[in-house]
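A look at the structure
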Amino acid sequence: MEQYKKTIFSMFFSFAFLFSSPLISITTTTTASPSPSIPAVFAFGDSTIDPGNNNGLTGVSAIFSGDHPPYGKDFPNHIPTGRFSNGKLATDYLVSNLGIKELLPAYRDPALTDADLATGVSFASSGSGIDNATNSIAGIASTARQLQYFDEAMQRIERHVGKNRSQELVRDSLFVFSTGFNDVLYSQVLGTIDIHQSTSYNATFTYRDFLVETLGSYVQSLYTKGARKFGVAGLPPLGCIPLLVTVDSMLPSSHMLQRVCVDRLNQYAQDFNSKLQAHLTSLQQSLPESKIAYFGIYDSIMDMVTYPSKYGFLQTLQGCCGTGLFEVGPLCIQGMPTCLDASKSVFWDSAHPTQAAYLVIASQFNFTIASV
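None of the values given here were measured: they were computed from a predicted structure. (Residues numbered from 1 in each chain as written. Predicted model: local features only at pLDDT ≥ 70, side-chain atom pairs only at ≥ 80, totals over all residues. Heavy atoms only, no water.)

So, about the overall build of the protein chain. Scanning the protein chain from terminus to terminus reveals 11 helices and 5 strands. Counting every atom, the protein chain has about 15,100 Å² of accessible surface; 55% of that belongs to carbon and sulfur. (Helix = DSSP H or I, 4+ residues; strand = E, 2+ residues; numbered from the N terminus. Areas by Shrake-Rupley, 256 points an atom, 1.4 Å probe, with all protein chains shown as cover.)

Our focus in this paragraph is the packing of aromatic side chains. A complete count under the given rule lists 14 aromatic pairs for this structure. Ring centres of Phe-44 and Phe-123 lie 5.1 Å apart, and the angle between their planes is 20°; on these two criteria the pair is classed as stacked. Linking Phe-44 in strand E2 (residues 41–45) with Phe-123 in the loop between helix H3 (114–118) and helix H4 (143–161), this pair joins segments that are 79 residues apart in sequence. The class of Phe-44 is buried, set by a relative accessible area of 0%. (Phe/Tyr/Trp six-rings, centres within 6.5 Å; stacked < 30°, edge-to-face > 60°. Buried < 20%, exposed > 50% of the residue type's maximum accessible area, 1.4 Å probe, protein only.)

With that out of the way, let us pick up the side chain of Thr-338. Along the chain, Thr-338 turns up in the loop between helix H10 (297–306) and helix H11 (355–361). Polar side-chain contacts of Thr-338 include one of 2.9 Å to the side chain of Lys-73. Setting aside its immediate chain neighbours within four residues, Thr-338 contacts Pro-70, Lys-73, Cys-320, Cys-321 and Trp-348. (Polar contact = N/O pair within 3.5 Å; in protein donor to acceptor, adjacent residues only side chain to side chain. Contact = heavy atoms within 4.5 Å.)

Let us look at the packing of H4 against helix H5 (residues 163–172). Two elements in contact, H4 and H5, have axes separated by 7 Å at closest approach and are oriented at 135°. Between H4 and H5, the interaxial angle falls into the category oblique. As H4 packs across H5, the resulting crossing turns out to be right-handed. Contacts from Phe-150, Met-154, Ile-157, Glu-158 and Val-161 of H4 reach H5 at Lys-163, Arg-165, Ser-166, Leu-169 and Val-170. (Axes fitted to C-alpha atoms, helices over the stretch in contact; angles between N-to-C directions. Parallel < 35°, antiparallel > 145°, perpendicular 65-115°, else oblique. Left-handed = near helix turned anticlockwise from the far one by under 90°.)

Attention shifts here to the state of the cysteines. Taken as a whole and judged by the stated rule, the model has 3 disulfides. Here Cys-320 engages in a disulfide with Cys-339; their sulfurs sit 1.8 Å apart. Looking down the S-S bond of the Cys-320 and Cys-339 bridge, the torsion is 85°, so its handedness is right-handed. Of this pair, Cys-320 sits in the loop between H10 and H11 while Cys-339 sits in the loop between H10 and H11, and the two are 19 residues apart along the sequence. In this structure Cys-339 comes out as partly exposed when scored by relative accessible area, which is 21%. Across the protein chain, the disulfide pattern expressed with sequentially numbered bonded cysteines is 1-2, 3-6, 4-5. (Disulfide = S-S within 2.5 Å.)

For the rest of this paragraph, the subject is empty space enclosed by the protein. Space inside the largest cavity adds up to approximately 270 Å³. Taken together, 23 residues line the largest cavity, and the ones lying closest to its centre are Asp-46, Thr-48, Ser-178, Pro-236 and Ile-297. The set of elements that each furnish at least two residues to the lining of the largest cavity consists of H10 and H11. Classifying every residue of the lining of the largest cavity by side-chain character gives 15 nonpolar, 7 polar and 1 charged. In this structure, the second largest cavity occupies an estimated 180 Å³ of space. As for the second largest cavity, its lining consists of 15 residues, and the residues nearest its centre are Phe-64, Asn-182, Val-328, Ala-351 and His-352. Here the lining of the second largest cavity is composed, by residue class, of 10 nonpolar, 5 polar and no charged. (1 Å grid on protein atoms, 1.4 Å probe; cavity = no way out; pocket = protein on both sides within 12 Å on 5 of 7 lines; lining within 4 Å. Points joined across faces, edges and corners; volume = space filled by probe spheres on them. Nonpolar A, V, L, I, M, F, W, Y, C, P; charged D, E, K, R; others polar.)

If you want it as structure tokens, here you go:
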């Protein structure tokens, strides 16, 4: 069974290679009012909040780049910016709702100005994970590397606004994390990270524990540099991601050839999120003056999948691009048919939400400023 599962995934990613070769639990849906108390947002993570840091990658690395049509189909001027969606990401809505600016730009954008940098950027890199071993492909920046980029950014900001102002900026800014999906994908589904042979993990300290503690260490690292306000997203319902639904539907089971959420993966995500929430609560208590918000995106996405009509959605377990079953990255290409109205679908490709769904998810990012 495990070998069969890996073979199916290998098939999908082989196609992708061929195409690419030439604590505060936030549940409110209220929109936050613009607040000068948060002057900037700095984001770290994977493709869920990457606005284009992987643009221009070639070869196998291009699998993790969304800088081509039909991505960006509903973005202003219909431009593919590198966002893995038809339009904006949740972090774009976050900075807009906070009254900072309309979009959160990519740190590696060569056109990034000092003024843009001083009001926040995303360091997120598609394909990355919490674990440095998750993706070692050239051009993909691990979360640890993203933190190094932040250090570089602060040197540039300090030259622009001065040391005192840059220290105030770090203290007052919001630091957002959205990562972990790729760690679970590679370790639990693809099996490309062999965690079971490591003596570091056992019944009392699992790979899931390692991920949670490592993510917490990234928060602590920023805290030592002066950061005090954090927002950390949990995992989504992994078993409802169209690509994983497709793979599971091809495996021998009672629901073979049926498109239903994968309970095993959803349970893994829920267990991870419970551990993460507990760890963040403990972390906040141990870090004086820190405020750490937990973004429960699992519930947001699950609610959209379970009650789509509540949000105006018609399609839930298939993407808008191509068949919606497995197209993502270089398999979602220009000329491929897409759904006429992406706002009626939860997912744009087989792994990432539509702009409409990100707007719902952003409600988890909108919170009363006093809570952080």
